[in-house]
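Survey of secondary and tertiary structure
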Amino acid sequence: MITRESRVHRRLKTHLLCGAACLMVATPALADSTVEEIVVSAQKREESLTDTPVSVSVVGSEWVANSNLTSLEDLGAVVPGLSFFSQFVYNNTVTLRGVGTFSRNIGFDERVGLYLDGIYLGPSYGLNQNLLDLAQVEVLRGPQGTFFGRNAIAGAINLKSEKPGDELRVKGRARYGSLGERVLQGLVSVPVSDELAVSLSAGLNNRDGLTDNLVTGEATDNRNRDSMRAQAVFRRGGFEAHLSLDRTSLDERALIGDPLSDTLGVAPDSFAPGDFAVAFNTVPQQGLVAKGVGLTLEYELPGGGTIQSLTGIRSTDVAMVNDTDYSPADLFHIDYDEDYSHFSQELRFASKEGERLTYMAGVSYLDQRAKTDRHAVAGSSGLLLGMLPGADLSNIGRVDTTAWGLFANADYAVTERLSVRAGLRYSHDKKVADWTINTLEGPAFGLATGTLDAERRDDDISPTFSVSYQATDALTAFVRYAEGYKSGGFNLDYVSAGIFPGDVAFEKESARSYEAGLKGSLTDGMLWFSATAFWVDYDDFQVNQFRDLGGGRTAIVISNAAKVRTKGIELEMQAEPTDGLSVRTWMSLLDASYRAFAEGGVGGTDASGNKLDAPDFEAGVVVDYERGLSTSLLGFLHASFTHAGGSYVTPDNITSQPLLAGGSVPYGRLGARDLLDVKIGVGADDGTWRLAFYAENILKDDAVTSSIRDFFGTISEARLQPRTYGIEASFAF
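The rules behind these values
- Residues numbered from 1 in each chain as written.
- Predicted model: local features only at pLDDT ≥ 70, side-chain atom pairs only at ≥ 80, totals over all residues.
- Heavy atoms only, no water.
- Helix = DSSP H or I, 4+ residues; strand = E, 2+ residues; numbered from the N terminus.
- Rg over C-alpha atoms; globule rule 2.2 N^0.38 Å.
- Buried < 20%, exposed > 50% of the residue type's maximum accessible area, 1.4 Å probe, protein only.
- Contact = heavy atoms within 4.5 Å.
- Areas by Shrake-Rupley, 256 points an atom, 1.4 Å probe, with all protein chains shown as cover.
- Polar contact = N/O pair within 3.5 Å; in protein donor to acceptor, adjacent residues only side chain to side chain.
- Pairing = 2+ DSSP bridges.
- pLDDT = per-residue confidence, 0-100.
- Core = buried A, V, L, I, M, F, W, Y, C linked by side-chain atoms within 4.5 Å.
- Patch = residues over 30% accessible without salt bridge, like charges linked within 9 Å, V, L, I, M, F, W, Y side chains within 5 Å.
- Salt bridge = Lys/Arg side-chain N within 4 Å of Asp/Glu carboxyl O.
- Lys, Arg positive; Asp, Glu negative; His and termini not counted.
- Charge placed at Lys NZ, Arg CZ, Asp CG, Glu CD.

**Concerning the overall build of the protein chain**
Scanning the protein chain from terminus to terminus reveals three helices and 44 strands. For 733 residues, the compact-globule estimate of 2.2 N^0.38 gives 27 Å, and the protein chain sits close to it at 26 Å. Along the three orthogonal principal directions, the C-alpha set of the protein chain runs to about 75 × 55 × 55 Å. Within the protein chain, buried positions represent 57% of all 733 residues. Expressed as a percentage of contacts within the protein chain between residues at least 6 apart in sequence, the contacts between residues at least 24 apart total 68%. Counting only carbon and sulfur atoms, one obtains 57% of the accessible surface of the protein chain, whose full area is about 28,600 Å².

**A look at unusual backbone geometry**
In this structure, Pro-501 follows Phe-500 across a cis peptide bond, with omega equal to -5°. In this fold, Pro-501 is placed in the loop between strand S28 (489–490) and strand S29 (505–506). Positive phi, close to 60°, is recorded for Asp-221, a residue that is not glycine. Here the phi dihedral of Lys-700 falls at roughly 55°; this positive angle occurs in a residue that is not glycine.

**A closer look at the side chain of Glu-728**
Structurally, Glu-728 can be placed in strand S44 (residues 724–732). Among the polar contacts made by the side chain of Glu-728, one reaches the side chain of Lys-679 at a distance of 2.8 Å.

**Looking at the pairing of strand S9 (residues 134–141)**
In terms of residue burial, S9 counts as a mostly covered element, since seven of its eight residues are buried. Across five bridges, the pairing between strand S3 (residues 56–60) and S9 is antiparallel. In the sheet register, Ser-57 faces S9, and the bridge partner there is Val-139. Here seven bridges tie S9 to strand S10 (residues 155–161), and the two strands are oriented antiparallel to one another. Counterpart to Gln-136 in the pairing with S10 is Lys-160.

**Overview of the confidence of the model for the protein chain**
For the protein chain, per-residue confidence averages 89 on the pLDDT scale, and 93% of positions sit at 70 or higher. Helix H1 (residues 4–25) is the least confidently modelled element of the protein chain, averaging 45 in pLDDT, while strand S41 (residues 689–696) averages 97, the highest of any element. Confidence over residues 1–31 falls short of pLDDT 50; this stretch has 40 contacts with residues more than four positions distant or in other chains.

**Concerning the nonpolar core**
In this structure, Phe-332, Leu-452, Leu-492, Tyr-494 and Phe-500 are the most contacted members of the largest nonpolar core, which totals 43 residues. Broken down by secondary-structure element, the contributors of at least two residues to this core are strand S21 (306–322), strand S22 (332–350), strand S23 (357–378), strand S24 (392–413), strand S25 (418–438) and strand S26 (450–472). Considering every element that reaches this core, the biggest residue donor is S22, with four residues. With residues near it in sequence (within four places) discarded, Tyr-494 still touches Tyr-336, Arg-374, His-375, Ala-376, Leu-393, Ser-394, Asn-395, Ile-437, Thr-439, Leu-447 and Ile-556. Val-112, Val-139, Leu-159 and Leu-612 belong to the second-largest nonpolar core, a separate cluster that totals 42 residues.

**Quick word on a negative patch on the surface**
On the surface, Asp-317, Asp-335, Asp-337, Asp-339 and Asp-373 cluster together into a negatively charged patch. Ranked by residue count, the leading element in the negative patch is S22, at three residues. As for its position among the elements, Asp-317 is in strand S21.

**Observations concerning the sheet that holds strand S19 (residues 277–278)**
Across the sheet, which stays open at both edges, the three strands sit in the order S15-S14-S19 with mixed pairing between neighbours. The strands lining the two open edges of the sheet, one partner per strand, are strand S15 (219–220) and S19.

**Brief notes about the sheet that holds strand S42 (residues 704–709)**
The three strands lie next to each other as S18-S43-S42, forming an open sheet whose pairing is antiparallel. Unpaired on one side and paired on the other, strand S18 (258–259) and S42 mark the two borders of the sheet. Note that S42 and strand S43 (residues 715–719) share five bridges and pair antiparallel. For Val-704, the partnering residue across the bridge sits in S43 and is Arg-719.

**Looking at a nonpolar patch on the surface**
A surface patch of nonpolar side chains, about 930 Å² in accessible area, is lined by Leu-243, Leu-245, Val-293, Leu-295, Leu-297, Ile-313, Phe-343, Leu-347, Val-363, Tyr-365, Trp-404 and Leu-406. Among the elements of the structure, strand S17 (239–252), strand S20 (285–300), S22, S23 and S24 are those that each provide at least two residues to the nonpolar patch. Sorting elements by how many residues they give to the nonpolar patch places S20 first, with three residues. With respect to the helices, strands and loops of the structure, Val-293 is situated in strand S20. Judged by relative accessible area, which is 34%, Val-293 ranks as partly exposed.

**A short note on the pattern of salt bridges**
Inspection of every chain in the model, using the stated rule, returns 49 salt bridges. Among the ionic pairs, Arg-229 bridges to Asp-133, the shortest N-O distance being 3.2 Å. In this pair, Arg-229 sits in strand S16 (residues 223–236) while Asp-133 sits in the loop between strand S8 (119–120) and S9, placing the two residues 96 residues apart along the sequence. Considered together, Arg-229 and Asp-133 belong to a single accessibility category, that of buried residues.

**Examining the pairing of strand S35 (residues 633–644)**
Within S35, nine of the twelve residues are buried, which leaves it mostly tucked inside the rest of the structure. Direction of pairing for strand S34 (residues 617–628) relative to S35: antiparallel, over a ladder of eleven bridges. Bridge pairing in S35 places Ala-619 opposite His-643. Counted between consecutive antiparallel strands, the loop separating S34 from S35 contains four residues.

**Comments concerning the environment of Gly-149**
Inspection of the secondary structure puts Gly-149 in the loop between helix H3 (145–148) and S10. Here the alpha-carbon distance between Gly-149 and Gly-113, two residues 36 residues apart in the chain, equals 9.2 Å. With sequence-adjacent residues up to four places away left out, Gly-149 is seen in contact with Gln-144, Arg-425 and Tyr-485.

Structure follows, in structure tokens:
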């Protein structure tokens, strides 16, 4: 059956493909404008983006300043293959090429590593990173096992700081808009002496709630976030020390989802059936405090080569309260607390640049402590669920992780145009779990009760091999083979009695990736492009799901039950056909599916051949235009349109959930998304100030962004933020 969504999808794909082709050929030499060369450190050594044999997207500070991007999670709309789910912090998910992590408990690691200046940030809870003090964000797609090690099996995101320098810099940004949006960001960078410079940046991001709680009168799903960061850089001769201290926090009335069904999935929700309205007696809340220290020491040896030390100390505290019965009745609520802390250290040596043979070798170490303290508590009407009022189902424990790795990489120039790279990492992980679950006060649920004291170890060897050929001075072709892994762990959740304790542990997963790409510039540098084709096979794929057992029963399961394959094409282009005009466009075609997933569906049905939860087509275009209005005044326009196709949520690939009393409600399908954002304004010709009007989601797209089946069988969903608009003022000098 051909649906409206599929017809729109096909038309958009055709138009965007044609537009991309036209952009590649229709770039007349109207001026001497060229696309600026981008330097990245994707493989832990600075080099041109064109010469880097891996699929990398870069979002720089200029793009951020011109656009409506304010935090890390906003990048999901402008980077091919990247998506963020951040509806509520406990399920923050970063996905690349259709593969990510549903971060529900401390025994389950991420698949996309987050790094700040190459230093590991830890779990993906804090996605509200301030972009103001970043020089650029590098998104590396595909397994990055050799350079980043554990848990970068789908890719890595490296945030590169805008370090304080030898000039005084002050810049700020303020927004005020509809829905009570209030954003403040500022940075001050001061040179203290010829050798020492410091900077301080801070940001606030607030918004009123989007969803009315008809019981309490308060609006949920508000935004109340802040961040702060201090940096110091000391340089003397060939030595540089970079110290960074950061803190981010949020305190919000969360919304996991707007219920479509009643608590037990018997009938449609009757308490607040409209969109953006709920009826909860318990106010859902979420809180987060993430902070850390990073220290990078770098010394350039007199004879060439560099020694570098990267040290990180971080902690993350996150808490959540939710009305798990999703109703005005005082039946049941959850109260979760999680604490993470870790110490990371990496030492590496890089040989002198410019030689025919260059190489790098290093060692890394991680010591992480994760604690969980969870309580599921019966309310005053708990007897309806077979529990006494105040009955507590507790889940308390910790996982201690130690991991270390040895890695090396070499680059050999066979000829002036042909080069070969090979790398290898050996990794060793050890996890120790000490965990107690007690659900005796809720016998009707069939959950486990007992204590787990277990240890597991993983060893892995991840190679990388690539061949690059410089077809011209401005074009580079490459092929790359890489492997990666995600460590095994423990399912420390409210697990069923039937899988405790024997089936709580799960094994590591591994990936093999094949890529071929072409990137570089055309038409005398006015157009830069990158095209990559990829094929990735995942074995022993770890699946974390609320598995529907039928009859209203749910089990929380993590298993190595699946084999997954992702393949596709990514295209990015940037053109500057004339002074003042910049055009960016991108496209991603993705086929991500379960090659084998027996018993992965409802009631243990076979989910083999079904799609992963990722759109098969994404595309976008961004236009920035500036024009002088007078000798000192500049007018500017930023317009961005992005499209993402629909996707399934569960391995079953269903689109609705039958209700026990008959009928059904929508479940399991996220609709296609079309977002049009605009910013238009005036500013000083020298860039010292700007004043703009902005509008987001101009098309008023209300696509479903989250579809969830909770423990009791409640079906809920969340939708895109409605259209917003406002004014923005910024300055920089």
